[in-house]
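Structural features, examined
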Amino acid sequence: MPRTVRDVVFVDGVRTPFGKAGGMYANTRADDLVVRCIRELLRRNPQLPPDRVDEVAVAATTQIGDQGLTIGRTAALLAGLPKTVPGYAVDRMCAGAMTAVTTVASGIAMGAYDVAIAGGVEHMGRHPMGEGVDPNPRIIAEQLVDPSALVMGSTAENLHDREPGITKERADRFALASQHKVAKAYANGKVQPDLVSIATRDPETGWGLATVDEAPRPDTSLDKLGTLKTPFRPHGKVTAGNAAGLNDGATAAIVAAEDVARELGLPIAMRLVTYAFAGVEPEVMGYGPIPSTEKALRLAGLSIADIGLFELNEAFAVQVLAFCDHFGLADDDPRINPWGGAIAVGHPLASSGIRLMTQLARHFAERPDVRYGLTAMCIGIGMGGTVIWENPAWEGK
């Protein structure tokens, strides 16, 4: 039977404040973080009947403990969705939430779902990256990858080797700009509308409330950044200052068929154009967003000049700068991460893709002059992911 592909829209997205690994969420369960996000989405969108949610996909990189047990299903139950709503877990390392969105979007496009919730969570304080994994020794023994491919910071140093024009000072300058942009966005009230407050508990000080990101360092300077150690290589270029930290946090979003969103009176924040994932040499993981973006642009029939806004995950400054160099973008291009990025706010692995999308949706609402934007990120073990979105408020239509 022939099928008509339906338009898919991003309705709404939220996130917890991101904490430092083992910081303000040290005594908070990972699943409770994403459950709180799902509940907030339902509260913010009362016109969505819970029984109209057809699927819940939640990503986690380390699917163990309170991030295991098919977390999409358990989170749906804990969030109060009807027991008839199914759920599943997703893992594509850093692009887990991005993949949750693209996977449910594909189901919506072909008619399997009308409305879905996608999310991501990572509690790196409880579950350090790599906990419980057992890489097949043949990966290294048969020289399928260099041993450095399994250490993300080392892959960033490798990328610096490939791109000698990206100096440590240049990476530090980009990192400092990210800190300043996040501070300005907070001061202007841009970040807060999509943050979900989280009750926290400390055995010594009692209960608290997380309302802002824990990691930003707006008081840093180039001089301070220049003094930081390079833990992945003696006299290297990657430091804690020009890379995202280890973080705890969660995100969630509502994705729907455009006709169903209109039927239910749901907001339409972005329209999905296309998406693409690509593989690269695992040793230079940060190069991944370049071929994934080239592929997505090709699928969409667009060029980089058509993209008016970029939300690029700042796993490492060198990764974003390599992207800029490849596509001929300036380091300080105002279209790139206008409110800063992961170097300042943090990168709780599988959750970050939806943070990028939620932020892009906010930009679209303020920029009717921009038609297309993209979210992109590098992915561990040598991949990249890119999603291209259209602004429904574009004034040129």
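This write-up is about the structure you can find in this document. (Residues numbered from 1 in each chain as written. Predicted model: local features only at pLDDT ≥ 70, side-chain atom pairs only at ≥ 80, totals over all residues. Heavy atoms only, no water.)

**A few points about the overall build of the protein**
Which entries qualify depends on this criterion: A run of DSSP states H or I qualifies as a helix once it reaches four residues; a run of E qualifies as a strand once it reaches two. Both are numbered from the N-terminal end. Both definitions apply: the radius of gyration is a C-alpha atom measure, and the globule rule equals 2.2 Å times residues to the power 0.38. Working definition: with a 1.4 Å probe on protein chains only, accessible area under 20% of the residue-type maximum means buried, over 50% means exposed, and in between means partly exposed. It only takes one pair of heavy atoms within 4.5 Å for two residues to be counted as in contact. Only the protein chains shown count as cover for residues, with accessible areas throughout obtained via the Shrake-Rupley method and a probe of 1.4 Å. Positive charge is attributed to Lys and Arg, negative charge to Asp and Glu, and no charge count is given to His or to the chain ends. Positions of charges follow a simple convention, taking NZ of Lys, CZ of Arg, CG of Asp or CD of Glu.
Per the secondary structure count, the protein includes 12 helices and 12 strands. What you see for the protein is a C-alpha radius of gyration of 20 Å, in line with the 21 Å of a compact globule of 397 residues. The dimensions of the protein, computed from C-alpha atoms along their principal axes, are 60 × 55 × 50 Å. Looking at the protein as a whole, 57% of its 397 residues qualify as buried. In the protein, the share of contacts with a sequence separation of at least 24, taken over all contacts with a separation of at least 6, comes to 79%. Carbon together with sulfur atoms contributes 53% to the accessible area of the protein, which is approximately 15,900 Å² in total. Charge-centre separation for the protein: the mean point of 38 positive side chains lies 3 Å from the mean point of 46 negative side chains.

**Describing the layout of surface pockets**
Definition in use: Residues are called lining when one of their atoms sits within 4 Å of a cavity or pocket point, these points coming from a 1 Å grid over the protein atoms alone, where a cavity is a set in which a 1.4 Å probe fits but cannot get out and a pocket is an open set with protein on both sides within 12 Å along at least five of seven lines. Grid points are joined across faces, edges and corners, and a volume is the space filled by probe spheres set on the points.
Considered as a void within the structure, the second largest pocket measures approximately 260 Å³ in volume. Taken together, 15 residues form the lining of the second largest pocket, with Thr28, Asp32, Leu33, Ile198 and Ala199 sitting closest to its centre. Counting residues per element, the ones that place at least two in the lining of the second largest pocket are α1 (30–44) and β6 (198–202). A total of 5 residues in the lining of the second largest pocket trace back to one element, the largest contributor, which is α1.

**Some remarks on the packing of helix α3 (residues 96–109) against helix α12 (residues 352–366)**
The cut-off we apply is this: Between the N-to-C directions of two axes lies an angle of 0 to 180 degrees, each axis being a line fitted to C-alpha atoms and, for a helix, fitted only over the stretch in contact. These descriptions rest on fixed angle ranges, namely under 35 degrees for roughly parallel, over 145 for roughly antiparallel, 65 to 115 for roughly perpendicular, and the rest for oblique. Under the convention adopted here, Pro, Cys and the residues Ala, Val, Leu, Ile, Met, Phe, Trp and Tyr are nonpolar, Asp, Glu, Lys and Arg are charged, and Gly plus all remaining residues are polar.
Axis separation between α3 and α12 bottoms out at 5 Å; the angle between their running directions is 70 degrees. The angle between α3 and α12 falls in the class roughly perpendicular. For the pair α3 and α12, the contacting residues are Ala97, Met98 and Val101 in the first and Gly353, Ile354 and Met357 in the second. In terms of residue class, the contact of α3 with α12 is built from 5 nonpolar, 1 polar and no charged.

**Regarding the packing of helix α5 (residues 152–162) against helix α10 (residues 317–327)**
Threshold: Two helices that cross are described as forming a left-handed crossing if the nearer one is turned anticlockwise from the farther one by less than a right angle, and a right-handed crossing if clockwise.
Taken N-terminus to C-terminus, the directions of α5 and α10 make an angle of 35 degrees; their axes are 9 Å apart at the nearest point. Two packed elements cross with a definite hand, and for α5 against α10 that hand is left-handed. For the pair formed by α5 and α10, the contact residues are Ala156, Leu159 and His160 on the first element and Val318, Gln319 and Ala322 on the second. Its residues assigned to classes, the contact of α5 with α10 shows 4 nonpolar, 2 polar and no charged.

**Some thoughts on the packing of aromatic side chains**
Rules: In this analysis, rings of Phe, Tyr and Trp, with Trp reduced to its six-membered ring, are considered paired at centre separations within 6.5 Å, and the interplanar angle assigns stacked below 30 degrees, edge-to-face beyond 60, and tilted for intermediate values. Lysine and arginine charges are scored as sitting over a ring when NZ or CZ, respectively, is within 6 Å of the ring centre and within 35 degrees of the ring normal.
Summed over all chains, the structure comprises 4 aromatic pairs. Taking 6.1 Å as the distance between ring centres and 65 degrees as the angle between the ring planes, the aromatic pair formed by Tyr275 and Phe277 counts as edge-to-face. For Tyr275, a relative accessible area of 29% gives the class partly exposed. Summarising the aromatic geometry, the rings of Phe323 and Phe327 are spaced 4.7 Å apart at their centres and angled 50 degrees between planes, so their arrangement reads as tilted. Of this pair, Phe323 and Phe327 both sit in helix α10, separated by 4 residues, roughly a single helical turn. Neither residue differs from the other here; Phe323 and Phe327 are each classed as buried. Chaining the aromatic ring pairs together yields one cluster made of Phe310, Phe323 and Phe327. Between the NZ or CZ atom of Arg15 and the centre of the ring of Phe18, over which it lies, the distance is 4.5 Å. Of note, Arg92 hangs over the ring of Phe277, and the distance from its end group to the ring centre comes to 3.7 Å.

**Considering a nonpolar patch on the surface**
Stated precisely, the cut-off is as follows: Distance thresholds for patches are 9 Å for like charges and 5 Å for nonpolar side chains (Val, Leu, Ile, Met, Phe, Trp, Tyr), applied to residues having over 30% relative accessible area and no salt bridge. By salt bridge we mean one thing: a side-chain nitrogen of Lys or Arg within 4 Å of a carboxyl oxygen of Asp or Glu.
Together, Leu150, Val151, Phe232 and Ile381 make up an exposed nonpolar region whose accessible area comes to about 320 Å². Here Phe232 lies in the loop between α7 (222–226) and β8 (247–257). Overall, Phe232 belongs to the partly exposed group, its relative accessible area being 37%.

**Side note on unusual backbone geometry**
For Thr70, which is not glycine, the phi dihedral falls at a positive 50 degrees. Although it is not a glycine, Ile381 adopts a positive phi angle of roughly 70 degrees. In this fold, Ile381 is placed in the loop between β11 (372–379) and β12 (383–390). Overall, Ile381 belongs to the partly exposed group, its relative accessible area being 41%.

**Remarks on the pairing of β6**
Which entries qualify depends on this criterion: Two strands are counted as paired when DSSP detects at least two bridges linking them.
Of the strand pairs in this sheet, β6 and strand β7 (residues 206–210) are connected by 5 bridges, and their pairing is antiparallel. If you follow Thr200 over to β7, its bridge partner there is Gly208. Taking the residues that link successive antiparallel strands as the turn, the β6-β7 hairpin has 3 residues.

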